[in-house]
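Coordinate analysis (summary)
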Amino acid sequence: MQLIKLKNKLKFVFFIFLVLNFISCAEIKTRRQIKKDSKVKTVEQKTKDEEGLSQNKEGAFPKETHVDKPKVGLILGPGGIKTFAQTGVIRELEKARIPIDMVLGIEWGSLVGALYAQKAQVHEAEWILYKSEKKDFYKKSFFEDKFESKPVKDYLASFNPEFLKSPIDGYSIPFSCPSRSIWSGRVVWQKRGNTEGALARCLAYPPFFKPEVPWMAAGFSLESAKQYLISQGINVVIFVNVLSYGDLFDKEWASKNTKTALIWRELQSYIQENKKIVDEVIEVETRKFNIFDFDNRKYLVRAGEKAGRKAGLQISQKYGF
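In this report, we go over the structure that sits alongside the text.

Thresholds applied
- Residues numbered from 1 in each chain as written.
- Predicted model: local features only at pLDDT ≥ 70, side-chain atom pairs only at ≥ 80, totals over all residues.
- Heavy atoms only, no water.
- Helix = DSSP H or I, 4+ residues; strand = E, 2+ residues; numbered from the N terminus.
- Buried < 20%, exposed > 50% of the residue type's maximum accessible area, 1.4 Å probe, protein only.
- Contact = heavy atoms within 4.5 Å.
- Areas by Shrake-Rupley, 256 points an atom, 1.4 Å probe, with all protein chains shown as cover.
- Polar contact = N/O pair within 3.5 Å; in protein donor to acceptor, adjacent residues only side chain to side chain.
- 1 Å grid on protein atoms, 1.4 Å probe; cavity = no way out; pocket = protein on both sides within 12 Å on 5 of 7 lines; lining within 4 Å.
- Points joined across faces, edges and corners; volume = space filled by probe spheres on them.
- Nonpolar A, V, L, I, M, F, W, Y, C, P; charged D, E, K, R; others polar.
- Phe/Tyr/Trp six-rings, centres within 6.5 Å; stacked < 30°, edge-to-face > 60°.
- Lys NZ or Arg CZ within 6 Å of the ring centre and 35° of its normal.
- Axes fitted to C-alpha atoms, helices over the stretch in contact; angles between N-to-C directions.
- Parallel < 35°, antiparallel > 145°, perpendicular 65-115°, else oblique.
- Left-handed = near helix turned anticlockwise from the far one by under 90°.
- Disulfide = S-S within 2.5 Å.
- Core = buried A, V, L, I, M, F, W, Y, C linked by side-chain atoms within 4.5 Å.

Looking only at helices and strands, the protein has 11 helices and 11 strands in total. Taking all 321 residues of the protein together, the buried fraction comes to 44%. Long-range pairs, those at least 24 residues apart, make up 78% of the contacts in the protein between residues at least 6 apart in sequence. Just so you have it, the protein exposes about 19,000 Å², and 54% of that area is on carbon and sulfur atoms.

Spelled out as structure tokens, the structure:
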């Protein structure tokens, strides 16, 4: 009887041993799994921490980035002596810290543009223009001073030879001007060679100058000017318009020079209709002046300053200059 009880106790102990052994094995497996899971979590946490650190660097501590300012192209439109106002506009654009990366000049605007772009000094350009006098274009007679066209190279001969011989592609600011062939009608952008040759082609326009055959100023070229600037990497195109509404000449002169008067009226209309294609238009109030008004050069410059001051502030704020 006691032997039977002893056997039963041994069986019970053996059973308990088996149960405990099974639990221990299961527990060991669980710990290994936990250890493995721990490693996985550690890797995942490390990845998340790295991502968080990366985001923190980009967010809380952003890297300093350089934002390129837009490149500005300046179109100086036609207008005879009215274009003297453009020097006043340029001065105010400089004061507003608007960088001018390229200059295009049309008709008399080509002379203003070349004088400025060569050294990027508007004061010098203005001083040289002031030397252009009424007597350069008027022939005195006993009864009256009669206006007469002259060869464009005769007019340019009064300028500094150093300026005339300077290569266009060596200017401080890239410059070009359009001329049109009266034979083929095609427009060519003068951007190489010396200044004298380019202006002889871009400045010639009735009634001031006789053409350097076959080339004359391409007055109707605002659209081409914009496309040319875009092709050169310009982002913002500014057009200085001095042909605002109003008189361009007196009635007596227009009656005697009907063809030339018609050309200028058509040019004025063309400018008014097409100026909206550019990004920014600076309108200079020149109603009181005509295209021959040498006597009021000082007031034209002041009109340009007034228009440039207002527009310069707006453009500077708009594009972040």
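For the rest of this paragraph, the subject is the side chain of Ser-110. Mapped onto the fold, Ser-110 is located in helix α3 (residues 108-119). A polar contact of 2.5 Å, which involves the side chain of Ser-110, links it to the backbone oxygen of Glu-107. Those residues in contact with Ser-110 that lie beyond four places of it in its chain are Gly-105, Phe-175, Cys-177, Leu-199, Cys-202 and Leu-203.

Moving on, we get to the layout of surface pockets. In this model, the largest pocket occupies a volume close to 530 Å³. Surrounding the largest pocket, 21 residues form its lining, Tyr-138, Asp-145, Phe-147, Asp-250 and Trp-253 being those nearest its centre. Listing elements by their share of the lining of the largest pocket, those giving two or more residues are β4 (145-147) and α9 (251-256). Split into classes, the residues belonging to the lining of the largest pocket amount to seven nonpolar, four polar and 10 charged. When its volume is computed, the second largest pocket comes out at roughly 300 Å³. What lines the second largest pocket is a set of 16 residues, among which Ile-128, Lys-131, Phe-159, Asn-160 and Phe-163 lie closest to the centre.

Turning to unusual backbone geometry, a few remarks are in order. Trans is the common state for peptide bonds, and a negative phi is the common state for residues other than glycine. Along the chain, Pro-206 connects to Pro-207 via a cis peptide bond; the corresponding omega equals 5 degrees. Within the secondary structure, Pro-207 sits in the loop between α7 (195-202) and β8 (209-210). Cis rather than trans, the peptide bond between Val-213 and Pro-214 has omega equal to 0 degrees. As for its placement among the helices and strands, Pro-214 is situated in the loop between β8 and β9 (215-217). We note that Arg-97 has phi near 60 degrees; this positive angle belongs to a residue other than glycine. Its location among the elements puts Arg-97 in the loop between α2 (85-95) and β2 (102-105). Backbone geometry at Glu-107 places phi at a positive 55 degrees, although glycine is not the residue there.

Here the structure, examined in full by the defined rule, presents 24 aromatic pairs. Pairing Tyr-319 with Phe-321 gives two aromatic rings, centres 6.2 Å apart and planes at 35 degrees, and the pair type is tilted. Assessed through its relative accessible area of 22%, Phe-321 is described here as partly exposed. Note that Lys-150 overlies the ring of Phe-137, its terminal NZ or CZ placed 5.8 Å from the centroid.

For the pair α3 and helix α4 (residues 122-130), interaxial distance at closest approach is 8 Å and the crossing angle is 140 degrees. Between α3 and α4, the crossing angle belongs to the class labelled oblique. Remark: the crossing between α3 and α4 carries right-handed chirality. Seen from α3, the contacting residues are Leu-111, Val-112, Leu-115, Tyr-116 and Lys-119; seen from α4, they are Val-122, Glu-124, Ala-125, Ile-128 and Leu-129. Residues of the contact of α3 with α4, tallied by class, amount to eight nonpolar, no polar and two charged.

Glancing now at the state of the cysteines. Applying the stated criterion to the full structure yields one disulfide. Disulfide pairing is shown between Cys-177 and Cys-202; the S-S distance is 2.1 Å. A torsion of 80 degrees about the S-S bond marks the disulfide between Cys-177 and Cys-202 as right-handed. Of the two residues, Cys-177 sits in strand β6 (residues 175-181) while Cys-202 sits in helix α7, which places them 25 residues apart along the sequence. In this structure Cys-177 comes out as buried when scored by relative accessible area, which is 0%.

Membership of the largest hydrophobic core comes to 85 residues, with the highest contact counts inside it found for Ile-75, Trp-108, Leu-111, Tyr-155, Phe-159, Phe-209 and Phe-249. Looking at this core, the element that brings in the most residues is α3, giving seven residues. With residues near it in sequence (within four places) discarded, Tyr-155 still touches Trp-108, Leu-111, Ser-132, Asp-136, Phe-137, Lys-150, Leu-203 and Phe-209.

Here the focus is the packing of α2 against α4. Where α2 contacts α4, the axes come no closer than 10 Å and their chain directions differ by 170 degrees. Classified by the angle between their axes, α2 and α4 sit roughly antiparallel to one another. Two secondary-structure elements touch here, α2 through Thr-87, Ile-90, Arg-91 and Glu-94 and α4 through Val-122, His-123, Glu-126 and Leu-129. Broken down by class, the residue content of the contact of α2 with α4 amounts to three nonpolar, two polar and three charged.

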